[in-house]
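Chains, contacts and geometry: an overview
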Amino acid sequence: WYPTDPLVVNGGLRLDLPQEFYSRLSPRVGASYRLLPWLIVRGGYGKGFKLPSLASLGDPQIGNPTLEPETSTAWDVGIQLQSPDQTFSASVEYFHNRYYDLIDLDPALLNQGIFQLSNLQRVTTKGVELSLGLTPDSKLSLNGTATFLHTNIEETNERLRNRPTWRGSGSLTY
């Protein structure tokens, strides 16, 4: 939806109708606004729902048949810079996610050497993503991203396992 040329609004709905759990509607809304020809601000808000996988429920090693679905609430805000000739772009985005009943290895059991999945009541992830792009001509493009991530299991104040604090990627296309 384009109410004015510089403003773009989008949204979506997802309806889950699982057989053994309650129905869930997951909305998402986002908007971007071009403040200047080379500067865009954007943001979004959404909710999520995820059923436990069959492996999470029934794996003989780490599965747990009592797992509940995960739910989440997320928002983000960012800015994007783009050169008028489209040869350079850069963006910075802050994101914040709150998960309820996140399915992961139980930290208390891990401390006892037991590997079993459980629902972590409240987990927060937040961070910043930086992106750079360079397209000096129509045949060559360079892109890179770097993400800083902080995680917190609220009932223990521990970090989630196997989530890197820093992650990055790069590409060269010719």
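This is a predicted model, so every value here is computed, not measured.

Criteria and cut-off values
For every chain, the first residue of the written sequence is number 1, and numbering continues from 1 along that sequence. Side-chain atom pairs in this predicted model are given and counted only at pLDDT of 80 or more, local residue features only at pLDDT of at least 70, and totals for whole chains, interfaces and linings cover all residues. With hydrogens and water set aside, each side-chain value is computed from the structure's full complement of heavy atoms. Counting from the N terminus, the helices are the DSSP runs of H or I reaching at least four residues and the strands are the DSSP runs of E reaching at least two. With the radius of gyration taken over C-alpha atoms, the globule rule is written as 2.2 Å times the number of residues to the power 0.38. When accessible area is computed with a 1.4 Å probe and restricted to protein chains, residues below 20% of their type maximum are described as buried, those above 50% as exposed, and intermediate ones as partly exposed. With residues, only the protein chains shown are counted as cover, and all accessible areas are computed by Shrake-Rupley using a 1.4 Å probe. The convention is simple: Lys and Arg are positive, Asp and Glu are negative, and His and the chain ends are not counted. Think of each charge as sitting on NZ of Lys, CZ of Arg, CG of Asp or CD of Glu. Two strands pair if DSSP finds at least two bridges between them. Pairs of N or O atoms within 3.5 Å make up the polar contacts considered here, provided that, within protein, one atom can donate a hydrogen while the other can accept it, and that residues adjacent in sequence are counted only when both atoms are side-chain atoms. Contacts are residue-level and defined by heavy atoms, with any inter-residue pair within 4.5 Å sufficient. Every axis in this analysis is a line fitted to C-alpha atoms, fitted for helices over the stretch in contact. Angles between the N-to-C directions lie between 0 and 180 degrees.

As for the overall build of the chain
- Within the chain, the secondary structure is distributed over 2 helices and 8 strands.
- Computed over the C-alpha atoms, the radius of gyration of the chain is 20 Å, more than 25% above the 16 Å expected from 2.2 N^0.38 for a compact globule of 174 residues.
- Overall, the chain is about 55 × 35 × 30 Å in size when its C-alpha atoms are taken along their principal axes.
- Across the 174 residues in the chain, those meeting the buried criterion constitute 31%.
- Of the roughly 11,300 Å² of accessible surface on the chain, 57% is carried by carbon and sulfur atoms.
- Here the chain holds 15 positive side-chain charges and 17 negative ones, and the gap between their average locations is 4 Å.

A closer look at the pairing of strand β6 (residues 117-137)
- For strand β5 (residues 88-105) and β6, the ladder comprises 17 bridges, and the chain directions are antiparallel. Bridged to L105 within β6 is L117.
- Here β6 pairs with strand β7 (residues 140-153) via 13 bridges, running antiparallel. If you follow K126 over to β7, its bridge partner there is H150.
- Remark: 2 residues form the turn of the hairpin made by β6 and β7, two consecutive strands paired antiparallel.

Some details on the side chain of T124
- Within the secondary structure layout, T124 lies in strand β6.
- Taking the relative accessible area as the measure of exposure, T124 reaches 7% and is therefore buried.
- There is a polar contact of 2.5 Å between the side chain of T124 and the side chain of E154.
- In this view, T124 contacts H96, N97, R98, H150, T151, N152 and E154; residues no more than four positions away in its chain are not counted.

Some thoughts on the sheet that holds β6
- On the basis of which strands lie adjacent, the open sheet formed by 8 strands has the order β1-β2-β3-β4-β5-β6-β7-β8 and antiparallel pairing. If you trace the sheet from one side to the other, it starts and ends with β1 (7-16) and β8 (166-173), each paired once. On average, each strand axis in the sheet is tilted by 10° relative to the strand beside it, whichever way the strands run.

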